[in-house]
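Residue strings, one per chain:
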Amino acid sequence: MSSAARELRFASVADVIARLNPSYPVFCVFPDVLRARAREFVDGFPGTVLYAVKCNPHPYVLKALWEGGVRHFDTASIFEIAKVTEQLPEAHCYFNHPVKGRGALEAASDVYGLKDYVVDTFSELDKVTEIAGTDITVEVRIATPKGSAVYDLSSKFGAAPDEAVALLTEASRRGCRTAIAFHVGSQCLDPDAYRVAMEMSADVAARAGVKLEYLDVGGGFPAVYKKETPPLSAYFDVIRAAYERLGLDIPLFAEPGRALVADACSVLTQVHLRKGDSLYINDGIYGCLSEVRDGDLDPPVRAISKTGPVEGPMQSFRIFGPTCDSLDVLKQTFDLPESIGEGDWIEFGLMGAYSIGMQTGFNGFVTDTIVRIDGAQSGFGS
Ligand SMILES: *Cc1c(COP(=O)(O)O)cnc(C)c1O
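Here the structure is a predicted model, which is why all the values come from computation and not from measurement. Per-chain numbering applies: the sequence of each chain, read as written, is numbered from 1 onward. Selection of residues for local features in this predicted model requires a pLDDT of at least 70, selection of side-chain atom pairs for listing and counting requires 80 or more, and totals for whole chains, interfaces and linings are taken over all residues. Hydrogen atoms and water are omitted, and side-chain values are computed over all heavy atoms in the structure.

A molecule or strand has a residue near it when one of that residue's heavy atoms lies within 4 Å. Taken together, 14 residues lie around the ligand, and Lys54, Ser186, Gly220, Glu255 and Tyr354 are the ones closest in. Residues adjacent in sequence count toward polar contacts only when both atoms are side-chain atoms; beyond that, a polar contact is any pair of N or O atoms within 3.5 Å, and within protein one must be able to donate a hydrogen and the other to accept it. One nitrogen or oxygen atom from the side chain of aspartate 74 is found 3.0 Å from a nitrogen atom belonging to the ligand. Glycine 257 places a polar main-chain atom, nitrogen or oxygen, 2.9 Å from an oxygen atom of the ligand. Considered on its own, the ligand offers 390 Å² of accessible surface; in the complex 92% of this is hidden by protein. By the convention adopted, Pro, Cys, Tyr, Trp, Phe, Met, Ile, Leu, Val and Ala count as nonpolar, Lys, Arg, Asp and Glu as charged, and the other residues, Gly among them, as polar. Here the shell around the ligand is composed, by residue class, of four nonpolar, five polar and five charged. For every accessible area listed, the method is Shrake-Rupley and the probe measures 1.4 Å; residues are considered covered only by the protein chains on display.

Written as structure tokens, this is what we have:
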């Protein structure tokens with residue numbers, strides 16, 4: 001069923017409902033939006049754009065981003081490297097996970113020929129140079145201060161400045177090319193976090209006395225879940241200004257995930273039961289909606305029936321997912337038409353990031369029907 005559906009192309013979400021009448025959840029990909037976001041980033045960012053594959057590794061997504069001009073991919077596992085290479089043989093992958101298994105390193109180096117490896121410790125530097133040799137670029141990941149990002153990505157990974165200086169010096173002494181990478185945290189709402197991290201990087205590079213191949217400013221660029229989110233151009237302006245002021249005469253990289261894909265996909269769920277103010281739907285926190293809970297995101301929703309949008313006065317509802325435990329519920333309530341009932345659909349917008357890639361399949365519930373909606377915007381705007 002789902003592999004047949006995968007071949008189908010649709011004109012709109014209404015078309016999905018008309019043709020599939022789905023009692024199962026459907027993940028909708030809007031390639032036109034992906035191409036537009038890719039072009040916006042590639043044109044606006046003053047450097048090379050890598051897509052962080054973990055954010056959404058679906059082939060429709062990879063292909064549309066490629067068509068929008070993304071040629072470089074931040075990968076963290078052999079699965080991701082294989083998936084990108086299979087879809088996009090000309091793509092350039094970077095192994096940007098600071099902790100790599102030996103088998104994965106061997107395959108990355110010998111089978112896929114990767115040349116860029118992130119490290120944040122001496123043991124990892126030893127492992128990487130032992131297996132991949134020294135004709136590589138060692139990217140030293142530095143930890144950055146916790147700022148106003150929804151997710152912190154520096155408490156698990158990242159070297160402190162002194163350690164980073166020592167790592168760069170040693171990598172260079174071994175004959176490797178060197179680079180610096182950081183990640184200010186996902187859904188970073190303060191453009192200035194990039195300036196702070198770029199200043200730290202410039203300081204570390206100067207102390208190490210090495211010439212960097214590039215400075216990778218990471219991901220973290222936000223999607224517009226809330227109106228007051230600064231636009232991407234504000235981030236690019238801060239990065240460009242810091243680059244000039246610091247006199248960094250090296251290429252810049254960025255590795256956005258969320259900002260490239262969030263508003264380019266939606267999840268079409270169906271109401272299987274209404275019990276008062278509670279709606280029981282067919283996707284939830286073990287499926288595509290885990291980030292709605294963990295990231296406290298407020299995705300836009302709309303109700304659709306077989307005959308079109310459900311209209312009328314609104315009320316707030318609790319939304320429960322399909323699994324048999326009480327944890328499968330969204331924390332916040334959602335405003336939906338008070339007439340909504342069993343068999344109607346709820347479309348969640350802004351679901352491109354950290355959604356299908358994070359499903360568990362727990363209890364046999366999985367969103368495995370993935371459709372393309374060509375020639376259309378997502379309908380939620382942003
Ligand atoms: C997850 C991740 C990204 C992407 O982060 P976003 O916040 O989605 O832009 C980039 N780089 C690394 C190393 C990551 O782990």
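A separate point is the domain arrangement of the protein chain. As far as domains go, the protein chain holds domain 1 (3-29 + 263-373) and domain 2 (31-261). Computed from C-alpha coordinates alone, the two centres of domain 1 and domain 2 are separated by 32 Å. Contacts between domain 1 and domain 2 engage 23 residues on the former and 21 residues on the latter. Each of two parts loses accessible area, computed with a 1.4 Å probe, when they are put together; buried area is these two losses added. When the two sides are added together, the surface that domain 1 and domain 2 hide from each other amounts to roughly 2,000 Å², 57% of it contributed by carbon and sulfur. It is Asp263, Tyr354 and Arg372 that lose the most area in domain 1 upon contact with domain 2, and together they represent 30% of the buried surface on that side. Just to be clear on terms, a salt bridge is a Lys or Arg side-chain nitrogen sitting within 4 Å of an Asp or Glu carboxyl oxygen. Taken together, the connections running from domain 1 to domain 2 amount to two salt bridges. Across the contact surface, domain 1 and domain 2 share six residue pairs in polar contact (both at pLDDT 80 or more). Put simply, DSSP H or I for four residues or longer makes a helix, DSSP E for two residues or longer makes a strand, and each gets a number counted from the N terminus. Elements represented by at least two residues in the side of domain 1 that touches domain 2 include exactly β2 (26-29), α12 (290-294) and β20 (369-373). Tallying contributions element by element places β20 first for the side of domain 1 that touches domain 2, with four residues. Taken together, the residues that form the side of domain 1 that touches domain 2 break down as twelve nonpolar, four polar and seven charged. Throughout, the edges of the domains are those of an automatic or database domain assignment. Only heavy atoms matter for contacts: two residues are in contact if any of them lie within 4.5 Å across the pair.

Let's shift gears to the nonpolar core. We call a set of buried residues a nonpolar core when its members are Ala, Val, Leu, Ile, Met, Phe, Trp, Tyr or Cys and they connect through side-chain atoms within 4.5 Å of each other. In this scheme, a residue with accessible area under 20% of its type's maximum is buried, one over 50% is exposed, and one in between is partly exposed, where area comes from a 1.4 Å probe on protein chains only. One finds Phe41, Tyr51, Phe73, Val217, Phe221, Ile346 and Phe348 to be the most contacted residues of the largest nonpolar core, which totals 121 residues. Ranked by residues supplied to this core, first place goes to helix α9 (residues 192-208) with eight residues. Looking at which domains feed residues into this core, each of domain 1 (3-29 + 263-373) and domain 2 (31-261) supplies at least three. Among all residues touching phenylalanine 73, those that are not within four sequence positions of it are Leu50, Tyr51, Val53, Leu62, Trp66, Val84, Leu88, Ala91, His92, Cys93 and Tyr94. Grouped together as the second largest cluster of nonpolar side chains are five residues, Tyr94, Ala179, Tyr214 and Phe253 included.

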